[in-house]
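Topology and contacts: notes
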Amino acid sequence: MSWYTRSLFVMVAILLLAGCANNPSSQQLAAYSAATGFLTLCDDSDYDYALSHFAQPLKDKVAGPTWVKGMQDNRGSYGIPVIRSLVTKDGQKLSGTADEPARINFVFRTSFLGTTPGEESVFVEKISGKWQVYDYKFRPSGKPPVNKTKVKINKDWEEQSDD
């Protein structure tokens, strides 16, 4: 085997090991799915369904209508996100749990039309075998856009058009 071939095999092995080390577990993917599902419904201003489907602890902790009104006034005034990217995730094990984290905080950097990006933190916890949002924080880095463009989103994919 030539020196070139051996070094190529070593590089491939290192890349494969590095890729395996960064593979999130199925539990972490489920937690991420709950966090992004919650955010997607909030993006669509469907706060009630976001609370009932993904954030029952948040709904139980805070009066639902008060939380919805706060979201409409604060986060809702920024409009629909253009880009959202995961900045960090931080897992926390609770005493008496297995090696998997029981709580995860996902921090996203979210960009909106006409203003600077903001930071959204979604805190999820595994409750009765299901990942649920138990807290949400929105930290804007700028003011809401002055001229918000109204965008109508059709939620039924069969009825979509280029209009």
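Residues numbered from 1 in each chain as written. Predicted model: local features only at pLDDT ≥ 70, side-chain atom pairs only at ≥ 80, totals over all residues. Heavy atoms only, no water.

1. Points about the environment of Arg-103
Assignment of secondary structure puts Arg-103 in strand S2 (residues 103–112). When the C-alpha atoms of Arg-103 and Asp-90 are compared, they prove to be 8.3 Å apart, with 13 residues separating the residues in sequence. (Helix = DSSP H or I, 4+ residues; strand = E, 2+ residues; numbered from the N terminus.)

2. What about unusual backbone geometry?
In this structure, Ser-45 takes a positive phi of about 60° despite not being glycine. With respect to the element layout, Ser-45 can be found in the loop between helix H2 (26–43) and helix H3 (47–54). Residue classification places Ser-45 among the partly exposed positions, given a relative accessible area of 48%. Its identity is not glycine, yet Ser-128 carries a phi of approximately 55°, on the positive side. Assignment of secondary structure puts Ser-128 in the loop between strand S3 (118–127) and strand S4 (130–140). For Ser-128, a relative accessible area of 79% corresponds to the exposed category. (Buried < 20%, exposed > 50% of the residue type's maximum accessible area, 1.4 Å probe, protein only.)

3. Describing the packing of aromatic side chains
Applying the stated criterion to the full structure yields 10 aromatic pairs. Aromatic pair Phe-38 and Trp-67: ring centres 6.0 Å apart, planes at 45°, arrangement tilted. One end of the pair, Phe-38, is in helix H2; the other, Trp-67, is in helix H5 (residues 64–73), with 29 residues separating them in the sequence. Of the two residues, Phe-38 and Trp-67, neither departs from the other in class, the shared state being buried. Site record: aromatic cluster; members linked through ring pairs are Phe-38, Tyr-47, Trp-67 and Tyr-136. The ring of Phe-138 carries Arg-75 above its face, with NZ or CZ at 6.0 Å from the centroid. The positively charged end of Arg-103 is found above the aromatic ring belonging to Tyr-134, 4.6 Å away from the centroid. (Phe/Tyr/Trp six-rings, centres within 6.5 Å; stacked < 30°, edge-to-face > 60°. Lys NZ or Arg CZ within 6 Å of the ring centre and 35° of its normal.)

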